Amino acid sequence: QVELVESGGGLVQTGGSLRLSCAISKRPSERLGMAWFRQAPGKERQFVAAVSWSGVNAYYADSVKGRFFISADTTKNTVTLHMEGLKPEDTAVYYCAADPTIIAGGLLESQYDYWGQGTQVTVSS
């Protein structure tokens with residue numbers, strides 16, 4: 001069983017930065033493909049970034065490339081999404097996702113079996 005708990009959301013002005021963390025509870029030997037998705041009001045949940053458990057491979061949605069950075073810390077069982085240059089269109093609930101069948105690069109919501117409860121990110125103009 002995998003449990004995910006997000007933290008770090010909040011209110012920030014346009015151009016500001018936030019760091020989201022995902023704390024992961026899992027079996028010690030388990031390796032997970034990890035990702036962040038987001039869902040804005042009235043919209044479908046969309047892919048933001050993904051990382052392999054080793055942290056070597058990272059993938060980003062075009063809308064966040066160069067502004068968001070995903071990393072995995074296997075010693076602390078956490079995945080972090082560092083967000084810079086935030087825009088009002090980044091406002092959404094951000095979800096951490098994990099799946100043991102993904103080695104790297106899972107970009108689809110349907111590929112992930114485990115989800116956190118979400119954390120709100122609001123960017124004011």
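Please refer to the structure higher up on the page.
Only a predicted model underlies this, so the values are computations on that prediction, with no experimental measurement involved.

Together, Tyr59, Leu107 and Leu108 make up an exposed nonpolar region whose accessible area comes to about 260 Å². One can find Tyr59 in strand S6 (residues 58-60). Residue class for Tyr59 comes out partly exposed when judged on its relative accessible area of 32%.

Its identity as a non-glycine residue notwithstanding, Asn77 has a phi of 55°, on the positive side. By the secondary structure assignment, Asn77 is in the loop between strand S7 (68-73) and strand S8 (78-83). Residue classification places Asn77 among the partly exposed positions, given a relative accessible area of 22%.

Glancing now at the state of the cysteines. Scanning all chains against the criterion turns up one disulfide. Residue Cys22 pairs covalently with Cys96 via a disulfide, S to S 2.1 Å. Handedness here is read from the sign of the S-S torsion; for Cys22 and Cys96, about -85°, the answer is left-handed. Taken together, the residues Cys22 in strand S3 (residues 18-25) and Cys96 in strand S9 (residues 92-99) connect sequence positions 74 residues apart. Comparing Cys22 with Cys96 shows no difference in burial state: the two are buried.

Geometry of an aromatic ring pair is reported as the spacing of the ring centres plus the angle between the planes. One pass over the structure, following the stated rule, counts four aromatic pairs. Pairwise contacts between aromatic rings join Phe37, Phe47, Tyr112 and Trp115 into one cluster. The positively charged end of Arg45 is found above the aromatic ring belonging to Tyr95, 4.6 Å away from the centroid. Across the ring face of Trp115, the terminal group of Arg45 is positioned such that the distance to the ring centre comes to 4.0 Å.

A few words now on the sheet that holds S3. What the four strands build is an open sheet, ordered S1-S3-S8-S7; its pairing is antiparallel. Whereas interior strands pair on both sides, the edge strands pair on one side only; in this sheet they are strand S1 (3-7) and S7. If you compare each strand with its neighbour and ignore which way they point, the axes differ by 15° on average. With six bridges connecting them, S3 and S8 associate as antiparallel partners. Within the sheet, the bridge partner assigned to Ala23 lies in S8 and is Thr78.

Our next topic: the nonpolar core. Ranked by size, the top nonpolar core spans 36 residues in total, and within it Ile24, Met34, Trp36, Leu81, Met83 and Tyr94 carry the most contacts. Mapped by element, the contributors of at least two residues to this core are S3, strand S4 (33-39), strand S5 (46-51), S7, S8, S9 and strand S11 (119-124). Once residues within four sequence positions are removed from consideration, Leu81 is found in contact with Leu18, Arg19, Leu20, Trp36, Val48, Ala49, Phe68, Phe69, Ile70 and Tyr94.

What counts as what
Residues numbered from 1 in each chain as written. Predicted model: local features only at pLDDT ≥ 70, side-chain atom pairs only at ≥ 80, totals over all residues. Heavy atoms only, no water. Patch = residues over 30% accessible without salt bridge, like charges linked within 9 Å, V, L, I, M, F, W, Y side chains within 5 Å. Areas by Shrake-Rupley, 256 points an atom, 1.4 Å probe, with all protein chains shown as cover. Salt bridge = Lys/Arg side-chain N within 4 Å of Asp/Glu carboxyl O. Helix = DSSP H or I, 4+ residues; strand = E, 2+ residues; numbered from the N terminus. Buried < 20%, exposed > 50% of the residue type's maximum accessible area, 1.4 Å probe, protein only. Disulfide = S-S within 2.5 Å. Phe/Tyr/Trp six-rings, centres within 6.5 Å; stacked < 30°, edge-to-face > 60°. Lys NZ or Arg CZ within 6 Å of the ring centre and 35° of its normal. Pairing = 2+ DSSP bridges. Axes fitted to C-alpha atoms, helices over the stretch in contact; angles between N-to-C directions. Core = buried A, V, L, I, M, F, W, Y, C linked by side-chain atoms within 4.5 Å. Contact = heavy atoms within 4.5 Å.

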